[in-house]
Amino acid sequence: SKRIGIGYRSFGSCTSLKRIVIPLNVQLLSTNHQIFDSCDQLNSILITGGVSKILASFTLEKWKNEINAEMKRINSILPKIKRGSKTSRIQEWMESVHFKIDRYKLEHNRVVKEAMSLLEMALWKAKLEEDGSTTKKRKRRALSRVNCGAAAVITNVCSYLTIFDVQK
C-alpha cells in the first residue's frame, strides 16, 4: 500500500494557522519534517474519520470517556508547546489516541466473545430442559455442565432470558 504523509515543513510559513482537522493516522506526520513547528497560533486539532463510529461501538462509557478526554487533551497543551516541538508532540498524542483505541477494540472483542459464550451456554441449558431426555442422559449432561463450570453461569444468565419467555 502507498504511504501518505504531509511533506517537510508543509505548514512552515503558516504562522497564523489556528485549527486543523486531521485523520487519525500515525503515519501521516513525520516528526523530522517539522510540519507544524512554526505554527505558533495552532491551538486546536480535531480528529476526523471513523473515530466516532469506533467509539459508538464500544460497550463501556468509561472507554468512550477516556478516549474522548485523550482526544481533547492536545488542545489544552498545544498553546504551551515551545516552538520547534509541535510536530513531535502532536505525533506522540496521535500515537497515544491510536494505542488506546486499539487496546479498547481488543478488550471490546474479548467482552463480546465472552458474552456470546455465556449466551450459548444459556441456550444450551434451555435446550436441555425442553429436551425429553431420559433421566440417565440428563444426569450425565448435568454432571458435564458442573465439571465445566457452566452451572453457575447458566443459572445467572437463564434468569435474564426467562423474562422474555412470555409464550410458555
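Thresholds applied
- Residues numbered from 1 in each chain as written.
- Predicted model: local features only at pLDDT ≥ 70, side-chain atom pairs only at ≥ 80, totals over all residues.
- Heavy atoms only, no water.
- Helix = DSSP H or I, 4+ residues; strand = E, 2+ residues; numbered from the N terminus.
- Areas by Shrake-Rupley, 256 points an atom, 1.4 Å probe, with all protein chains shown as cover.
- Buried < 20%, exposed > 50% of the residue type's maximum accessible area, 1.4 Å probe, protein only.
- Pairing = 2+ DSSP bridges.
- Salt bridge = Lys/Arg side-chain N within 4 Å of Asp/Glu carboxyl O.
- Phe/Tyr/Trp six-rings, centres within 6.5 Å; stacked < 30°, edge-to-face > 60°.
- Contact = heavy atoms within 4.5 Å.

J.: What should I look at first to understand the overall build of the chain in this one?
T.: When you go through the chain residue by residue, the secondary structure sums to 5 helices and 2 strands. Traced from its N-terminal end to its C-terminal end, the chain shows the element sequence β-β-α-α-α-α-α. Accessible surface computed for the chain: about 11,500 Å², of which carbon and sulfur atoms make up 54%.

J.: I would appreciate a short explanation of the pairing of strand β1 (residues 19-23) in the present structure.
T.: Only one face of β1 is buried: it carries I20 and I22, and the other face, with R19, V21 and P23, is open. Two strands pair when backbone bridges link them, and β1 and strand β2 (residues 44-48) are joined in this way by 5 bridges, in the parallel orientation. The residue of β2 that forms the bridge with V21 is L46.

J.: Can you help me understand the environment of V112 in this one?
T.: Along the chain, the position of V112 falls in helix α3 (residues 86-130). Looking at V112, the relative accessible area reads 32%, which means it is partly exposed. On a C-alpha basis, the gap between V112 and T59 in space is 8.8 Å, while along the polypeptide they are 53 residues apart.

J.: Help me out: how do you make sense of the pattern of salt bridges in this one?
T.: A pair can form between side chains of opposite charge whenever their charged atoms are brought close. In the structure shown here, the tally under the stated rule is 8 salt bridges. A salt bridge links D40 to R83, with the nearest nitrogen and oxygen atoms 3.2 Å apart. One end of the pair, D40, is in the loop between β1 and β2; the other, R83, is in the loop between α2 (61-77) and α3, and 43 residues separate them in sequence. R83 gets classed as exposed once you look at its relative accessible area, which sits at 53%. For E61, the salt bridge goes to K64, with nearest N and O atoms at 3.4 Å. You can see E61 and its partner K64 sitting in helix α2, 3 residues apart, about one turn around the helix. When salt bridges with common partners are traced through the structure, they connect E66, K100 and R103 into a single cluster.

J.: Can you walk me through the packing of aromatic side chains in this structure?
T.: Any pair of aromatic rings gets described here by the distance separating the centres and the angle formed by the planes. As enumerated under the stated definition, the model contains 2 aromatic pairs in all. Seen in terms of ring centroids, F11 and F36 are 5.2 Å apart; in terms of plane orientation they differ by 15°. Their pairing is stacked. Within this pair, whereas F11 is found in the segment before β1, its partner F36 is found in the loop between β1 and β2, the two being separated by 25 residues in sequence. Using a relative accessible area of 26% as the deciding quantity, one classes F11 as partly exposed. The class of F36 is buried, set by a relative accessible area of 1%. Aromatic side chains W63 and Y104 sit 5.1 Å apart centroid to centroid with 15° between the ring planes, which places their arrangement in the stacked category.

J.: Explain the side chain of H108 here, please?
T.: Structurally, the position occupied by H108 is in helix α3. For H108, a relative accessible area of 13% gives the class buried. Dropping the residues within four chain positions of it, H108 is found in contact with S57, F58, T59 and W63.

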